[in-house]
Every structure is written in C-alpha cells, then in structure tokens.
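Take a look at the letters that make up each chain.
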There are 2 protein chains.
Amino acid sequence: MLAEIITIGDEILIGQVVDSNSAFIADALNKIGIRVGKITSIGDIREQIIAALDDASKYAGLVIMTGGLGPTNDDITKQTLAEYFNTRLVLNTDVLDHIRTLLIPRGIRIHDSNIRQAELPENCSILHNAAGTAQGMLFKKSNTIYISLPGVPFEMKGIMTDHVIPMLKDAFMLDPIQHLTVHTHGLGESAMALKIASWEEQLSPAIKLAYLPSPGILRLRLSVYNTDIVTGNALLETEMSKLRSLISDYIFGYDSDTLEEITGKILRDKGLTLSVAESCTGGKIASMITSVPGCSDYFMGSVIAYSNDSKCKLLGVSHEDIDKNGAVSRLIAEEMARGARCRFNADIAVATTGIAGPSGGTTEKPVGSVWIAVSTTDLTTAERFTFGDNRSRNIQRAAIAALFMLRKVLIKMD
Amino acid sequence: MLAEIITIGDEILIGQVVDSNSAFIADALNKIGIRVGKITSIGDIREQIIAALDDASKYAGLVIMTGGLGPTNDDITKQTLAEYFNTRLVLNTDVLDHIRTLLIPRGIRIHDSNIRQAELPENCSILHNAAGTAQGMLFKKSNTIYISLPGVPFEMKGIMTDHVIPMLKDAFMLDPIQHLTVHTHGLGESAMALKIASWEEQLSPAIKLAYLPSPGILRLRLSVYNTDIVTGNALLETEMSKLRSLISDYIFGYDSDTLEEITGKILRDKGLTLSVAESCTGGKIASMITSVPGCSDYFMGSVIAYSNDSKCKLLGVSHEDIDKNGAVSRLIAEEMARGARCRFNADIAVATTGIAGPSGGTTEKPVGSVWIAVSTTDLTTAERFTFGDNRSRNIQRAAIAALFMLRKVLIKMD
C-alpha cells in the first residue's frame, strides 16, 4: 500500500519553519510496512487542500495530513475537510470536556475559539489528542483512509503513536519495509563507493543501497521491500556481514544509534566517568551528551571556558602557556582536558579549543582550526583538525570529531 | 510567478532525514517576490522524477530540484534530467579541473565516480558549486526554468546565494512578498487571539495573519502579497504599530531575530558580561549563546555541573544546602547563579537546576520541575517552572525560559 503525506501551512511554503512532521510520519509508516509515495506541502488555502486530496486519492490507500487545525482564523483544514467529505461540523461534548480539563488547570479561560475546536465533522472518527485541543480526524472514502492531525509536533506524535499506528497495524497485515543502516566515520562518499564497489556490484536487486552523507558521518542504508520479515532480515544480515568485513574500521553504529548514545553506553558498560572542557564548541558536546536519558550516571560536567581567564581559573591552564602558544594550540587543549578530568574527578575528559569563525582567524591558524585533546590518568593526547569557514558547521564537526576521539580511546580502556 | 520545489531522495520518504533545504529555498525565493505554490518530495525513481516535473510544469514558471546528484549509483537525477530535456551527458573539462582542485589538497584520490560528476547535460547552463563536486544545472523549456541543485545543504545554499538568486533577480523584476513577524512570549494561541481579536477583525484583506506557536514562543506573521514594496511596507508598519500597542509587554523580537542574538545584543550594548551555570539544561544555554558570532565579547563561560560534587567544587554551592533542600531548589539555583557570576567574574549569571526526565521525578518534584535563577551584584532571584514529561522539550523550554529571565533583568540594568 502507498501513502501520501500532506503538510498544510503557509509557514512551510514561505520557508519560516522546517517540516519535521513528515519525517516522523514516514518513519512510523515504514516500520509497519507502509511506503510513502510522495510528500506534498501546500498552503492554508481551500483550493490547494482539495486539489492535493484529489491528487493523492488517485494512487494512495492512505493520506495523512498535518496542520491547519489551530483555534485561530488562519487555520481552515477542518472546515475544508467537512466540505470535501460532504458533512457538517457538530459540537462534541466529550471533546469539549477534554478541552476544559486541559485548559482550566493551566489557568486559561475558555474562549469561543476553544469551544469551536470541539466542533468536529459529523462523519469522521475522532482520534483523541491527549496533549492538545485540536483532535485528530479519520475519514474513509472509496477505499482510501484520510487522517488529519494537528501540526504541533508533539501532539501529532502522540496521536500517531496512540491511535493511528495501532489502527493501521490492525487494519492491514503488511510486511514491514526493512532497513539496515550502518554509520561510518573516516571515508568520504567516493572513497567509500570505491572501497565497497565489488560488494555493491554483487548485491541482490532486491536490496537498495543509499549513501547518506552529513558533516563527519557517512551512513549507508540497505533496504528490502516486499519480502516477509524473516527472508528480509536474513538477506540484510548476510549482506551486512559481507560489508562489515570490508569497512569494519570505519563503522561506529547501526540504525538509530547516535554517537552520543554509543559513547554513553561504552562509559556505562565500563563504569567510567566523563568530563568535558569546551572552548570553540561552546557547550555543544555537553549538550549532545546530556541529550541522552540517564547520562548523569557517567557524565560529571563540563566547563565552557570561553575566555582565557576562565581557562586558567576554572581548568588550571597556565597563563604563561597561553601567552607563549596561543589559546588554540596542542598544549592548551591538553591542559584543558587534564584540568577538566581533575576538577571533575573523572576517569576521562575531552577538550576543544579552536576558531569557530567567522572572524578570529590568522594565516597560521585560519577559521576552522581546532585542537581536540583526550586525557586519561595514563595518557593525554591531542590532534589538530582543519574544518571550514562556517561557524555552525565548524562547531558541529568539532563536537563530532571530539566524540570520535573520545570513543577511540574509550574502547581501548579497561 | 509561482515556483515549485521538488526534493529528491528516498531518505526523505522513509523519514530518515528531515528536509531542511525546502525551507531555505522557499525563504530565499519569497524575499525576491517568488511565491512557492507547492513543495513535493519524491524518491530516487526515474518515473517519479518525470511525473513530478510534468505536474510542476503545468503551473510553475520556476522549478527548483534538490538531491540525487551524488557520485554514487543510487543518485539518478542527472541522468533523468538529460533524458527529460532530450540531451546527452558530455564531459566538461572546467568542471573536471574544479573537482581535481577540490579533492587533491584533501588527499582524496580521483576515482571514476568523481570524473563522472564532470559529465553534464549538453544543453544545460552550469551553476558552479564552489564547495562541492556536484554542479548545479539550469534548463529552460516552454517558459519554465528548471534548476537542479545538490542535496547537501551547504552546497545547495552556496549555489542558491551565488548564482540562482542573482540570476532570478535579473530575469524577473518582481514585487517582493513582504512579511513582518513579531516574536512573543507569555501568551498561548487562544489567549493571544482573544487579546488581539478587535485588531484582527479590522485588518485589511490585503494582509494575511498567521499564528506560529513553538515551545515557549508564539510568533505572529503578517504578510502582504502583490503590492509594491513601498505600499506594502506602509501597510505592514501601520498594522504592526496598532498590534504593538496591544501586546507590547509580550514582544521580544521581530523577523529573523533569535532570543540568543537579542540577549547578546543587549549585553554588548550595555557593555556587560555573562556567565552561566547549567544542570538540567546540560549545555543547551551555552550552546545557544555561543551560536552567535562574536559572542566572546560578552560571554565568559559556563559550568555544566551535572553532579552534586561539581556544583560544590566548581560553583561553590554548599553541600549542606543540597542535603537540606535537594539539588532542585530555589536556594541551589541561586547559589549556582551566584557561583557562576563570581567564578567567571561576570556582571550577570543565569543558572538552571531541574529534572529533565524521563526518570528522577518525585511527587513533590515531578519530571519537568526546573528552578531558574539570575544573579547580578545587586540581586539574585529565582523562579520555579513546571514543564512536561519530555526530556528534549524540557531542556529546550528551560533554556528559553532562562534566556527570557536573563533578558528581563538585563533590560533594567544600566
């Protein structure tokens, strides 16, 4: 079965917000075997909504819409759906009670616009939105299911998880589309393609290979469509083990693994604690590490030492060494890492010092120059990196490189 | 003139990556008066690419595609375009030289797949990609312009900025679509709608109003289409000044302003310095502040004190007070803020301590409980917030609330 996702909202078409809802929905559908044929973004305009529904109904067995269900006048999805499915809006007292229960404890007065959110198309099934006032709606017409969800990401996600996915799983007994993704670091797209060319050539046509590059990381995704779960899994496992033998040195994770989760897992498994000292990455490394639930078991903390004074005062870096070597140098990176390890009483520490840009570069140390150091009780080492001229990308790349260096040292530790 | 954006790549349809390219392109086109009618995402499949081009050509004067131009076998956009525009691929030696110049200094060997990237459709204009090996391509057919760009965001952005936008500006002398966005904090969507109802009712039909909610922030966007720049601006300014008189207490910025930039600007203008102490936000605040170029002028640093020991050792928090009050309390937030201010020798400091979740909550202090404190030499104050049960949203909301508290104190300082 093919599905179409339609996201509704002028804010997407004028580039004010990035549509992240589609990726969540597409991923959730994929996992239960529903393939997304197309994603369409349109404005809050009656004619566009109707045209998009007409187009999708030509091929899709499932249409999931998001957006345009808010309490304000710019949102017209509900009215347009009532028209499209030949029905009228009627007040649903259960929904009104829910809206009251939700808003009153927050000290919000119930306005007419809130009450209007309890008026729903007569012929739809309501998909309860526990987290918000705009309910999900399900319509059926000529063998196609149409679902309308609010555009607020966590409300949409709640309804998808609680209602839409279980309902679709029950209604259609589908073979899931199976993907296996391997995360690598250290080879670019072309070099990787060359390294795995012979393997790629012998790949079964039932498997599709994709290269997914991002700063510092190259992911390879294998996909199998239209097989049962056992056959598909066996196929993926066979090919992955061949691939692994070719590029094992570069692989650091699989599927939804993230570098910060993997690093955390090694720390937890080995019973080691971590601290960080950041200059140019400005909190990015700490922020990545603390995005992982339960990180307080192994993460002690970080010093973001943006000024030279703070490098000395909070991390014990020597003023003299900064004067002699500059703050962006091997020695200072090493002193920062050592300082962070000792001050936080951690087993291992990682430190960054560099020039994120856009200004501050010199001929010798251009924007994008970053020193990264890792310190354990046995050894402190540092490495120099030269990234590009874009501040946010430099911060991102330096944080990823730092976590890689950390992981490399960690996996050798007892 | 209407444009369509087509993003090509299986990774979007299976939900593996979020399409952020479309928002960038839509915003850039809007600024020069080109309205995006639709955004379509399709897979790396010949038939889908051709069908999407056919559909778009029915109404669009401009079609911008991204993706599918990589050196590997899964990318088929270039071949499909050559077929669609009845042409063949020919080796472009200038492009080959560029690829060599780009890869050789990075120590990358030139592979066949790199050379194939210099083979381009004979009848297209090449849009030079300074940052990468996949060139942009421009085709013309029956009054529609078709542009194909690489999917790697910074490469796409470079070609858009250097070539596509200047070319479109020259080719079409269009009235820009004018938007004015105001950023507010402190009112939800319905409460805001009620507060500005009388103003909204009298709005000229030439102006479109949109409510754009996100965690902690509600943006209101006014848009004017199809007027010259002077009339449009006057209309927007008149309405904005009426709106401002209704909600001035809630407004903190306009258009592309971010809270971190605004906070930084106040600090710079007043010649004040800032430091931070973070527990539950784990580096998010520091990371937001250091995303702003030039922040080293006012940002001294941060201590991410995840463990109780580090709160005491690095920020001077009293062990006894933690034992008595718990780490998530008014007193500890205040001690952390005071500690951060003194240790970094800053004029003002902000601190967070809370339970980000998913675990660690109690009946008295459930997940989502956060204390935020601001400290100056004159006064240290703290406020308690209760957010939700989602870790990443709690971190996000706490960081935004902290920057708001900081801003509130800062604007009153000399």
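A. Region of the structure containing the sheet that holds strand β8 (residues 144-149) of chain A. Spatial strand order, β6(A)-β7(A)-β8(A)-β3(A)-β1(A)-β2(A)-β2(B)-β1(B)-β3(B)-β8(B)-β7(B)-β6(B): 12 strands in an open sheet with mixed pairing. Sheet topology places β6 (125-127) of chain A together with β6 (125-127) of chain B at the edges, where each strand pairs with a single neighbour. Adjacent strand axes in the sheet meet at a mean angle of 20° when their direction is disregarded. Of the pairings in the sheet, the one linking β6 of chain A to strand β7 (residues 136-141) of chain A comprises three bridges and is antiparallel in character. For I126 of chain A, the partnering residue across the bridge sits in β7 of chain A and is M137 of chain A. Its contacts with the sheet place helix α4 (residues 77-84) of chain A against β1 (2-8), β3 (62-66), β7 and β8 of chain A, and it is angled at close to 20° to β7 of chain A. Those strands touched by helix α4 (residues 77-84) of chain B are β1 (2-8), β3 (62-66), β7 (136-141) and β8 (144-149) of chain B, and its axis lies near 20° from that of β7 of chain B.

B. Expanded view of the confidence of the model for chain A. Across chain A, the average pLDDT comes to 92, with 100% of residues at or above 70. Interface scoring of the predicted complex returns ipTM 0.77; its pTM is 0.79.

C. Representation of the side chain of T281 of chain B within the structure. Checked against the element boundaries, T281 of chain B lands in the loop between β13 (274-278) and α12 (284-289). Judged by relative accessible area, T281 of chain B falls into the buried class, the value being 0%. One polar contact links T281 of chain B to E278 of chain B, side chain to side chain, over a distance of 2.7 Å. Residue contacts for T281 of chain B: discarding those within four places in its chain leaves T290 of chain A together with T352, I395, A398 and A399 of chain B.

D. Representation of the sheet that holds strand β16 (residues 369-376) of chain A. Taken together, the 10 strands give an open sheet; going across it, the order is β17(A)-β16(A)-β15(A)-β13(A)-β14(A)-β14(B)-β13(B)-β15(B)-β16(B)-β17(B), and neighbouring strands pair in mixed fashion. Only two strands of the sheet have a single partner each, and these edge strands are β17 (380-386) of chain A together with β17 (380-386) of chain B. On average, each strand axis in the sheet is tilted by 10° relative to the strand beside it, whichever way the strands run. Bridge count between strand β16 (residues 369-376) of chain B and β17 of chain B: seven bridges; the pairing is antiparallel. What sits directly across from V370 of chain B, in β17 of chain B, is F385 of chain B. Running over the sheet, helix α16 (residues 391-410) of chain B touches β13, β15 (348-354), β16 and β17 of chain B and is turned about 25° from β16 of chain B.

E. Inspection of the side chain of D10 of chain B at higher detail. Mapped onto the fold, D10 of chain B is located in helix α1 (residues 10-13). Exposure remark for D10 of chain B: the relative accessible area of 8% places this residue in the buried category. At 2.6 Å, the side chain of D10 of chain B forms a polar contact with the side chain of K208 of chain A.

F. How the structure looks around the interface of chain B and chain A. The interface is formed by 85 residues belonging to chain B together with 85 residues belonging to chain A. Counting each side, the surface lost to burial between chain B and chain A is near 6400 Å², with a carbon and sulfur contribution of 56%. There are two salt bridges connecting chain B and chain A. The salt bridge partner of D10 of chain A is K208 of chain B, with a shortest N-O separation of 2.6 Å. Considering each element in turn, the side of chain B that touches chain A owes the most residues, eight residues, to strand β2 (residues 35-42) of chain B.

G. Region of interest: the relation of the copies chain B and chain A. For the pair chain B and chain A, the superposition axis carries a translation of 0.0 Å, the fit reaches an RMSD of 0.1 Å, and the rotation angle comes to 180°. The two molecules are tied by a two-fold rotation axis, judged by turn and shift. Comparing interface residues between copies, 100% of those in chain B also sit at the interface in chain A, which points to an isologous, same-surface contact.

H. Structural view of empty space enclosed by the protein. Scanning all chains against the criterion turns up two cavities of 30 Å³ or more. Computed from the structure, the largest cavity encloses a volume of approximately 140 Å³. Around the largest cavity, the lining comprises 17 residues; the ones closest to its centre are D19, S22 and S41 of chain A together with D19 and S41 of chain B. Mapped onto the lining of the largest cavity, the elements with two or more residues apiece are α2 (21-31) and β2 (35-42) of chain A together with α2 (21-31) and β2 of chain B. Top element by residues in the lining of the largest cavity is β2 of chain A. It accounts for three residues.

Reading the values: the criteria
Residues numbered from 1 in each chain as written. Chains lettered and ligands numbered in written order. Predicted model: local features only at pLDDT ≥ 70, side-chain atom pairs only at ≥ 80, totals over all residues. Heavy atoms only, no water. Pairing = 2+ DSSP bridges. Helix = DSSP H or I, 4+ residues; strand = E, 2+ residues; numbered from the N terminus. Axes fitted to C-alpha atoms, helices over the stretch in contact; angles between N-to-C directions. Contact = heavy atoms within 4.5 Å. pLDDT = per-residue confidence, 0-100. Buried < 20%, exposed > 50% of the residue type's maximum accessible area, 1.4 Å probe, protein only. Polar contact = N/O pair within 3.5 Å; in protein donor to acceptor, adjacent residues only side chain to side chain. Buried area = accessible area lost by both parts, 1.4 Å probe. Salt bridge = Lys/Arg side-chain N within 4 Å of Asp/Glu carboxyl O. Least-squares fit on C-alpha atoms with pLDDT ≥ 70 in both. 1 Å grid on protein atoms, 1.4 Å probe; cavity = no way out; pocket = protein on both sides within 12 Å on 5 of 7 lines; lining within 4 Å. Points joined across faces, edges and corners; volume = space filled by probe spheres on them.

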